[in-house]
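Working through the structure, step by step
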Amino acid sequence: MSLVLDPAAQDLLFREARTANTFTDEPVTEEQVQAIYDLVKYGPTAFNQSPLRVVLVRSAEARERLVNCMAEGNQAKTATAPLVAILAADNEFHEELPELFPHFPQAKDAFFAERPVRERSATLNAALQAAYFIVGVRAAGLAAGPMNGMDHAAVQKEFLDDDHTPLMVVNIGKPGEDAWFPRSPRLAFDEVVTTV
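Described below are features of the structure shown in this document. If you're wondering where the values come from, they're calculated on a predicted model, not measured in any experiment.

**What to know about the packing of aromatic side chains**
- Counting across every chain of the model gives six aromatic pairs.
- Here Phe 47 and Phe 112 contribute two aromatic rings whose centre-to-centre distance is 5.4 Å and whose plane-to-plane angle is 85°, an arrangement assigned as edge-to-face. With Phe 47 in the loop between α2 (30-40) and β1 (52-57) and Phe 112 in helix α6 (residues 107-112), this residue pair connects regions lying 65 residues apart in the sequence.
- Given a relative accessible area of 25%, Phe 47 falls into the partly exposed group.
- Considering the side-chain rings of Phe 93 and Phe 112, the 5.1 Å spacing of their centres and the 75° angle between planes classify their relative orientation as edge-to-face. Here Phe 112 lies in helix α6 and Phe 93 lies in the loop between β2 (83-90) and α5 (97-100), a separation of 19 residues in the sequence.
- Its relative accessible area of 4% is what places Phe 112 among the buried residues.
- Here a set of aromatic residues connected by ring pairs shows up, and it is made of Phe 47, Phe 93, Phe 101, Phe 104, Phe 111 and Phe 112.

**Structural notes on helix α3 (residues 60-67)**
- Of the residues making up α3, those classed as buried are Ala 62, Arg 63, Leu 66 and Val 67. Around the axis of α3, the buried residues are gathered within 135° of arc, so they sit on the same side. Exposed residues lying more than 90 degrees from the buried face of α3 are Ala 60 and Glu 64.
- Those residues of α3 that are buried are in contact with β1, α4 (72-80), β2, α8 (152-159) and β4 (164-173).

**Here we look at the layout of surface pockets**
- Empty space within the largest pocket amounts to approximately 250 Å³.
- Lining the largest pocket we find 13 residues, and of these Ala 17, Arg 18, Thr 19, Arg 183 and Arg 186 sit closest to its centre.
- The class makeup of the residues in the lining of the largest pocket is five nonpolar, three polar and five charged.

**Points about the pattern of salt bridges**
- Under the defined criterion, the tally for this structure stands at 13 salt bridges.
- Arg 65 is paired through a salt bridge with Glu 158; the nearest N and O atoms lie 2.9 Å apart. Placement of the pair is Arg 65 in helix α3 and Glu 158 in helix α8, with a sequence separation of 93 residues.
- A relative accessible area of 27% places Arg 65 in the partly exposed class.
- Residue Arg 115 pairs with Glu 92 through a salt bridge whose shortest N-O separation is 3.1 Å. In this pair, Arg 115 is assigned in helix α7 (residues 115-139) and Glu 92 in the loop between β2 and α5, connecting sequence segments 23 residues apart.
- Linked by salt bridges that have partners in common, Glu 92, Arg 115, Arg 118, Glu 119 and Asp 163 make up one network.

**Digging into the sheet that holds β1**
- Strand order in the open sheet formed by four strands is β1-β2-β4-β3, with antiparallel pairing between adjacent strands. Strands at the two margins of the open sheet, each flanked by one partner only, are β1 and β3 (143-147). Adjacent strand axes in the sheet meet at a mean angle of 30°, parallel and antiparallel pairs treated alike.
- In the packing of α3 onto the sheet, contacts are made with β1, β2 and β4, and the angle to β2 comes to roughly 65°.

**Side note on the environment of Leu 87**
- In this fold, Leu 87 is placed in strand β2.
- By relative accessible area, Leu 87 is classed as buried at 0%.
- A C-alpha to C-alpha distance of 4.8 Å links Leu 87 and Val 54, two positions 33 residues apart in sequence.
- Not counting chain neighbours up to four residues away, the residues in contact with Leu 87 comprise Leu 52, Arg 53, Val 54, Ala 130, Phe 133, Thr 165, Pro 166, Leu 167, Met 168 and Val 170.

Conventions adopted
Residues numbered from 1 in each chain as written. Predicted model: local features only at pLDDT ≥ 70, side-chain atom pairs only at ≥ 80, totals over all residues. Heavy atoms only, no water. Phe/Tyr/Trp six-rings, centres within 6.5 Å; stacked < 30°, edge-to-face > 60°. Helix = DSSP H or I, 4+ residues; strand = E, 2+ residues; numbered from the N terminus. Buried < 20%, exposed > 50% of the residue type's maximum accessible area, 1.4 Å probe, protein only. Arc of directions from axis to C-beta. Contact = heavy atoms within 4.5 Å. 1 Å grid on protein atoms, 1.4 Å probe; cavity = no way out; pocket = protein on both sides within 12 Å on 5 of 7 lines; lining within 4 Å. Points joined across faces, edges and corners; volume = space filled by probe spheres on them. Nonpolar A, V, L, I, M, F, W, Y, C, P; charged D, E, K, R; others polar. Salt bridge = Lys/Arg side-chain N within 4 Å of Asp/Glu carboxyl O. Pairing = 2+ DSSP bridges. Axes fitted to C-alpha atoms, helices over the stretch in contact; angles between N-to-C directions.

What follows is the structure in structure tokens.
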């Protein structure tokens, strides 16, 4: 194999990792979430923009509001996961660009002055960061259950503002009993990769 990463780490992050549907009641600590973020914040994005915003849903009242926004098939999973995170894109990310991209602080106005341009860029780059976040959850020895089955407008109204677009909800914790669906197939290398 030509991968440098240890095979056990490859399994942890990719081959054996699965979307969890049930969790134990073991809590996910603030320290674990901090460690996850401190790892995944280094994932690359365009112009080093960092549009991902994470809302940790910990209180019973907030959890109930979120469960009511979820598709029926996702409500029980969201209600019982030790921790739930709402991942969103900050459409005003450009305000931080002078700090995050200091060698070209004019990027803020040169490329992102118009809101539709910012929204497209925020969605793409926050989605990249969301993928890093999921891998970071796995690196912490936890399982992630990312879901898009929700009323996005309701989640935005309940937890965000007009400058933030919800991308997904991620249930986080130690996998519980019967946590996994059977592994779905993946495309083969020659179905995906072409050389020109």
